Amino acid sequence: MTLHIISSSPYCANVIDLVLNRCAQNDGIILIQDGVYGVNHLPTLTKLNDVHKTKNIHCYALEDDMTARGSYSSKDNFINNSSFIARVSVEDFVTLTLTHSASISW
């Protein structure tokens, strides 16, 4: 079980496709720093939803980074009503790194 840590914005890098090609069953993906812009990027959300359904990948977004970047938009309702992405605290992020056997920063 690997935790994939995405810190780059989907608006300037196409990291999500690289990550999804490396993801295995039951891995996790967390969006941090500029990566949280992915919660406002419909193509990224669609890809995360698809990989959640097909590979049971759990997706997270760091709450503090979302707040710092103003990453709350009209798509917030989509995120709030989904089961594939969750807002997590810094403490939760630490727990995720400890519960996964490896982590990769992208």
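Just so it is clear, the model here is predicted, and its values are computed rather than measured.

Enquirer: If you had to explain the pairing of strand S3 (residues 58–62) to someone new, which residues and values would you point to?
Expert: Burial of S3 is extensive: four of the five residues sit out of reach of the surface. With four bridges joining them, strand S2 (residues 28–31) and S3 adopt parallel strand pairing. Along S3, the bridge assignment pairs Leu 31 with Ala 61. This β-α-β element, S2 to helix H2 (residues 42–55) to S3, shows right-handed connectivity.

Enquirer: Tell me about the environment of Ile 30, and name the residues and values.
Expert: Residue position: Ile 30 is located in strand S2. Separated by 30 residues in the primary sequence, Ile 30 and Tyr 60 place their C-alpha atoms 4.5 Å from one another. Setting aside anything within four residues of it in sequence, one finds Ile 30 in contact with Leu 3, His 4, Ile 5, Ile 6, Tyr 60, Ala 61, Val 88, Phe 93 and Leu 96.

Enquirer: Describe in detail the confidence of the model for the protein, supporting the description with residues and values.
Expert: Confidence in the prediction of the protein, expressed as mean pLDDT, is 88, and 88% of residues score 70 or more. Mean pLDDT across the secondary structure elements of the protein bottoms out at helix H4 (residues 76–80), with 48, and peaks at strand S1 (residues 2–6), with 98. Throughout residues 73–79 the model reports pLDDT below 50, and contacts reaching past four residues in sequence, or to other chains, amount to 12 contacts.

Enquirer: Could you give an account of empty space enclosed by the protein, with specific residues and numbers?
Expert: Enumeration according to the criterion identifies one cavity of 30 Å³ or more in this entry. In terms of lining, the largest cavity is formed by Ile 6, Ser 8, Pro 10, Ala 13, Val 15, Ile 16, Leu 31, Gly 35 and Thr 44. Its residues assigned to classes, the lining of the largest cavity shows six nonpolar, three polar and no charged.

Enquirer: Can you lay out the environment of Tyr 37 for me, pointing to particular residues and giving the numbers?
Expert: For Tyr 37, the position within the fold is in the loop between S2 and H2. On the basis of relative accessible area, Tyr 37 is assigned to the partly exposed category, the value being 26%. For the pair Tyr 37 and Ser 9, spaced 28 residues apart in the sequence, the C-alpha separation amounts to 5.8 Å.

Enquirer: Provide a residue-level description of the nonpolar core, including the pertinent values.
Expert: Formed by 18 residues in total, the largest nonpolar core has its most connected members in Ile 6, Ile 29, Leu 31, Leu 48 and Ile 85. Every element with two or more residues in this core is listed here: helix H1 (15–22), S2, H2 and S3. Among the elements that line this core, the one with the most residues is H1, at four residues. Grouped together as the second largest cluster of nonpolar side chains are nine residues, Leu 3, Leu 62, Phe 93 and Leu 96 included.

Enquirer: Can you lay out the sheet that holds S3 for me, pointing to particular residues and giving the numbers?
Expert: Reading across the sheet, the five strands line up as S4-S3-S2-S1-S5 and stay open at both edges, with parallel pairing between neighbours. A strand with exactly one partner marks an edge of an open sheet, and here the two such strands are strand S4 (85–88) and strand S5 (102–105). If you compare each strand with its neighbour and ignore which way they point, the axes differ by 25° on average. On the sheet, H1 packs against S1, S2 and S5 and is oriented at approximately 175° with respect to S1. Those strands touched by helix H5 (residues 90–99) are S1, S2, S3 and S4, and its axis lies near 140° from that of S1.

What counts, and where the lines are drawn
- Each chain has its residues counted from 1, running along the sequence as written.
- Restriction of local features to residues with pLDDT of at least 70 applies here, the model being predicted, together with a cutoff of 80 or more for giving and counting side-chain atom pairs; totals for whole chains, interfaces and linings are based on all residues.
- In computing side-chain values, all of the structure's heavy atoms are included and hydrogens and water are not.
- Using a 1.4 Å probe on the protein chains alone, a residue whose accessible area is under 20% of its type maximum counts as buried, one over 50% counts as exposed, and one in between counts as partly exposed.
- Numbering of helices and strands runs from the N terminus, with a helix taken as a DSSP run of H or I at least four residues long and a strand as a DSSP run of E at least two residues long.
- Paired strands are those between which DSSP finds at least two bridges.
- A right-handed crossover is one whose linking path, passing over the helix from the first strand to the second, runs clockwise when the strands point away from the viewer.
- Note on definitions: a residue-residue contact is assigned when non-hydrogen atoms from the two residues lie within 4.5 Å.
- Every residue gets a pLDDT, meaning the predictor's confidence in that residue, from 0 to 100.
- Both site types are read off a 1 Å grid over the protein atoms alone. A 1.4 Å probe that fits but cannot get out defines a cavity, while an open set with protein on both sides within 12 Å along at least five of seven lines defines a pocket; lining residues have an atom within 4 Å of a point.
- Grid points are joined across faces, edges and corners, and a volume is the space filled by probe spheres set on the points.
- When residues are grouped by polarity, Ala, Val, Leu, Ile, Met, Phe, Trp, Tyr, Cys and Pro land in nonpolar, Asp, Glu, Lys and Arg in charged, and all others, Gly among them, in polar.
- What is meant by a nonpolar core is a set of buried Ala, Val, Leu, Ile, Met, Phe, Trp, Tyr and Cys residues, joined one to another through side-chain atoms within 4.5 Å.
- Angular values range over 0 to 180 degrees, each being the angle between N-to-C directions of two axes fitted as lines to C-alpha atoms, with helices fitted over their stretch in contact.

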